[in-house]
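Coordinates in review
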Amino acid sequence: MTHREAAVPLSEKDLLELRRRRRDIALGGGEDKHATRRGKGLFSARERLAMLFQPGTFQEVGMHARHRGTAGNTDLPADGVVTGTGYVNGELVAAFAQDFTVAAGTLGKMHAEKVVDLMKYATQTGIPLVAFQDSGGARIQEAVDALSGYGEVFYWNVLSSGVIPQIAVICGPCAGGAAYSPALMDFVIMTEAHSQMFITGPEVIRAVTGRTTSLDEIGSAAVHTQISGNAHFVAADDQDAIRIVAELLSFLPANNSEDPPHDIRPELALGRDDNMNSLVPDDPSTPMDVRAVIGRLVDDGYFLEVHAGFAQNLIVGFARIEGMVVGLIANQPMHLAGALDIDASDKGARFVRFCNCFNIPLVTLVDVPGFLPGVEQERGGIIRHGAKMLFAYASSTVPKLTVILRKAYGGSYLAMCSQEMGADFVYAWPNAEIAVMGGEGAVNILHRKEIQEADDPAARRAELVQEYRQKYASPYLSAARGYITDVIEPAETRAALALSLRKTLTKSELRPPKKHGNIPL
Ligand SMILES: CCC(=O)SCCNC(=O)CCNC(=O)[C@H](O)C(C)(C)COP(=O)(O)OP(=O)(O)OC[C@H]1O[C@@H](n2cnc3c(N)ncnc32)[C@H](O)[C@@H]1OP(=O)(O)O
């Protein structure tokens, strides 16, 4: 334009045209489809984003995008996905929401490009990604372009992994290839009433295997949060899921180059908690609910448990101790006596690795009788699954604090972050038993003949077990050999953790250079 040419004036018609386009696109697949969904208690993609973000902060990207597929001239507003950024808890977050009213939220090439552009932006600027999944999977009419689209999404899920937190909310169907994107993210939340996640649906299963099944049996929130472990949280509905997203984000840094949002106070409020001493049962074989211990150790008793319904013999989640964010891992003796099995090992190892990615100190509470014995466990590969715990702890460089509450036997003592796995501080309560195995098993091996020949075998066994505990399992033996930092009263635990955390927050560890280690599968 030369200085003589006048700018084309903005006419009323231009404004009306823009507003009309925006309105039509925002309607997605049309008012009828929205009305049907509302009748089922379902929110739209735009409503979900509006609930996630602070009012007025959402900026959409690519609203006017159109599909480039071979599905004729069918109009697919925004190509079935709304993408953009906004603020949650005052922090910038990227999010996309699939619009089921537009071709069942299926993924075509443009849909995928919009998602990938958002992921690139989130990774390059270092902000978390939230994905509302509500999709019939690959858009059949876009054929190989749809597959290519998924390929790009998965590739960027992997590139973003460990750089920014990625959270998936499954609020409708998540079918076929669509299920792999959440599986590559850090946390998966499923809504109770409306979400289903599956690779092959009931029809295909029946055709291939002859077995009749239902979507509920293979893909419900209950199945994935309790049995398969594919999802970490079950939410009552979309609003509840968004509450969980906001809670999770409140513990996480925006990216791997930042610290988590510690609320470090100048003064530590360190005191004894004498109620802790009375939590410990006199009889070591009486299970102790580790949730009660966690509740007294963390600020305001507030603990955001992750994967609560899956592998309940190991508890993992986020909390704060004197304002410092920690990832907590604890054996739960109320379930399978707290033994480590295949599922618990997978759950624990993944959580430890997540915390390490995002600079979150680890606090491990140990009360473990061993790896779970059993034919299914051995045949199912407990060796390689259990090894993941060793691998995850040993490769983590964040501050690692361990408290041995009661039992710490055999390989599971090592797998629960002993000093040799790089724990910076290891505390043990005076009643702790740290040994190759429990007293009962050990005396059967060491003294079988003597017990059989005793006048009162039960009494002799009990004596020998007691002797074994003092001679081979005492925490003072471990302390004398330098394997633990100190023996402390339960009442002193919170103070010990708070001080040790404060003193390790600046920890940095040099490791031999390598591309990456090879985690046991
Ligand atoms: C990477 C490889 C992959 O992703 S392979 C996976 C491909 N996807 C699937 O197998 C899932 C197929 N779809 C379904 O099972 C159902 O449509 C689900 C998603 C459960 C939804 O059921 P329902 O709520 O009853 O809706 P509906 O079946 O009436 O579908 C609504 C409209 O969407 C369409 N649709 C659905 N899925 C696709 C798809 N993958 N590609 C293209 N279109 C799809 C349906 O045809 C239907 O269209 P219309 O409204 O009748 O015009």
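Keep in mind the model is a prediction, meaning the values are calculated, not measured.

Within the structure shown, the criterion is met by zero disulfides. Cysteine Cys355 is unpaired, with the sulfur of Cys357 as its nearest cysteine sulfur at 9.0 Å. Residue classification places Cys355 among the buried positions, given a relative accessible area of 0%.

Let's shift gears to the packing of helix 4 (residues 109–125) against helix 5 (residues 143–160). It is the contact of helix 4 with helix 5, at a shortest axis distance of 8 Å, that shows an interaxial angle of 10°. Here helix 4 lies roughly parallel to helix 5, going by the angle between them. In contact with Lys109, Ala112, Val115, Val116, Met119, Lys120 and Thr123 of helix 4, helix 5 contributes Asp145, Ser148, Gly149, Glu152, Val153, Trp156, Asn157 and Ser160. Class assignment for the residues of the contact of helix 4 with helix 5 results in six nonpolar, five polar and four charged.

Glancing now at a nonpolar patch on the surface. On the surface, a cluster of nonpolar side chains totalling about 330 Å² of accessible area is made up of Ile445, Leu446 and Tyr472. Relative to the helices and strands, Leu446 is located in helix 16 (residues 439–446).

This part is about the packing of aromatic side chains. Considering all chains together, one arrives at twelve aromatic pairs under this definition. Ring centres of Phe318 and Phe354 lie 6.1 Å apart, and the angle between their planes is 70°; on these two criteria the pair is classed as edge-to-face. Here Phe318 is found in strand 10 (residues 314–321), whereas its partner Phe354 is found in helix 12 (residues 342–357), with 36 residues between them in sequence. Relative accessible area serves as the criterion here: at 5%, Phe354 is assigned to the buried category. Ring geometry for Phe354 versus Phe358: centroids 5.0 Å apart, planes at 45°, classification tilted. There is no split in this pair, since Phe354 and Phe358 are both buried. Through a chain of ring-to-ring contacts, the aromatic side chains of Phe187, Phe251, Tyr302, Phe318, Phe351, Phe354 and Phe358 assemble into a single cluster.

One non-glycine residue, Ala104, lies in positive phi territory at about 60°. Its location among the elements puts Ala104 in the loop between strand 3 (91–98) and helix 4. By relative accessible area, which is 25% here, Ala104 ends up partly exposed. One non-glycine residue, Ala143, adopts positive backbone phi at about 45°. Assignment of secondary structure puts Ala143 in helix 5. A relative accessible area of 48% means that Ala143 is categorised as partly exposed.

When you line up the elements, Arg139 lands in the loop between strand 4 (129–135) and helix 5. By relative accessible area, which is 3% here, Arg139 ends up buried. Separated by 2.9 Å, the side chain of Arg139 and the backbone oxygen of Thr106 make a polar contact. Residues in contact with Arg139, not counting those within four places in the same chain, are His67, Leu76, Asp79, Ala103, Thr106, Leu107, Gly108, His111 and Ala146.

Our next topic: helix 12. Three- or four-residue spacings in an α-helix give side chains the same orientation, since the helix completes a turn every 3.6 residues. The end-to-end C-alpha distance of helix 12, which contains 16 residues, comes to 23 Å, matching closely the 22 Å that a straight helix rising 1.5 Å per residue would cover. Every buried residue of helix 12 is listed here: Ile342, Ala344, Ser345, Lys347, Gly348, Ala349, Phe351, Val352, Phe354, Cys355 and Asn356. Backbone geometry just downstream of helix 12 places Asn359 in the positive-phi region, at approximately 60°.

Here the focus is empty space enclosed by the protein. What the rule picks out here adds up to two cavities of 30 Å³ or more. For the largest cavity, the calculated volume is near 60 Å³. Lining the largest cavity are Phe96, Gln98, Leu107, Val115, Gln133, Tyr150, Val153, Ala178 and Ser181. Looking at the lining of the largest cavity, its residues break down into six nonpolar, three polar and no charged. Looking at the second largest cavity, its volume works out to about 30 Å³.

Bringing the confidence of the model for the chain into the picture now. Of all residues in the chain, 98% have pLDDT values of 70 or greater, and the mean over the chain is 95. Reported confidences for the modelled complex are a pTM of 0.95 and an ipTM of 0.98.

Turning our attention to the nonpolar core. If you look at the biggest cluster of nonpolar residues, it comprises 65 residues, and the most contacted ones within it are Leu52, Phe132, Phe187, Ile189, Phe318, Ile329 and Ile404. The residues touching Ile404, leaving out its near neighbours within four places in the chain, are Val366, Tyr413, Val426, Tyr427, Ala428, Trp429, Ala432, Ile434 and Ile484. Residues Met276, Val290, Leu297 and Ile488 belong to the second largest nonpolar core, which totals 29 residues.

Thresholds, definitions, all that
Residues numbered from 1 in each chain as written. Predicted model: local features only at pLDDT ≥ 70, side-chain atom pairs only at ≥ 80, totals over all residues. Heavy atoms only, no water. Disulfide = S-S within 2.5 Å. Buried < 20%, exposed > 50% of the residue type's maximum accessible area, 1.4 Å probe, protein only. Axes fitted to C-alpha atoms, helices over the stretch in contact; angles between N-to-C directions. Helix = DSSP H or I, 4+ residues; strand = E, 2+ residues; numbered from the N terminus. Parallel < 35°, antiparallel > 145°, perpendicular 65-115°, else oblique. Contact = heavy atoms within 4.5 Å. Nonpolar A, V, L, I, M, F, W, Y, C, P; charged D, E, K, R; others polar. Patch = residues over 30% accessible without salt bridge, like charges linked within 9 Å, V, L, I, M, F, W, Y side chains within 5 Å. Areas by Shrake-Rupley, 256 points an atom, 1.4 Å probe, with all protein chains shown as cover. Salt bridge = Lys/Arg side-chain N within 4 Å of Asp/Glu carboxyl O. Phe/Tyr/Trp six-rings, centres within 6.5 Å; stacked < 30°, edge-to-face > 60°. Polar contact = N/O pair within 3.5 Å; in protein donor to acceptor, adjacent residues only side chain to side chain. Expected span 1.5 Å × (residues − 1). 1 Å grid on protein atoms, 1.4 Å probe; cavity = no way out; pocket = protein on both sides within 12 Å on 5 of 7 lines; lining within 4 Å. Points joined across faces, edges and corners; volume = space filled by probe spheres on them. pLDDT = per-residue confidence, 0-100. Core = buried A, V, L, I, M, F, W, Y, C linked by side-chain atoms within 4.5 Å.

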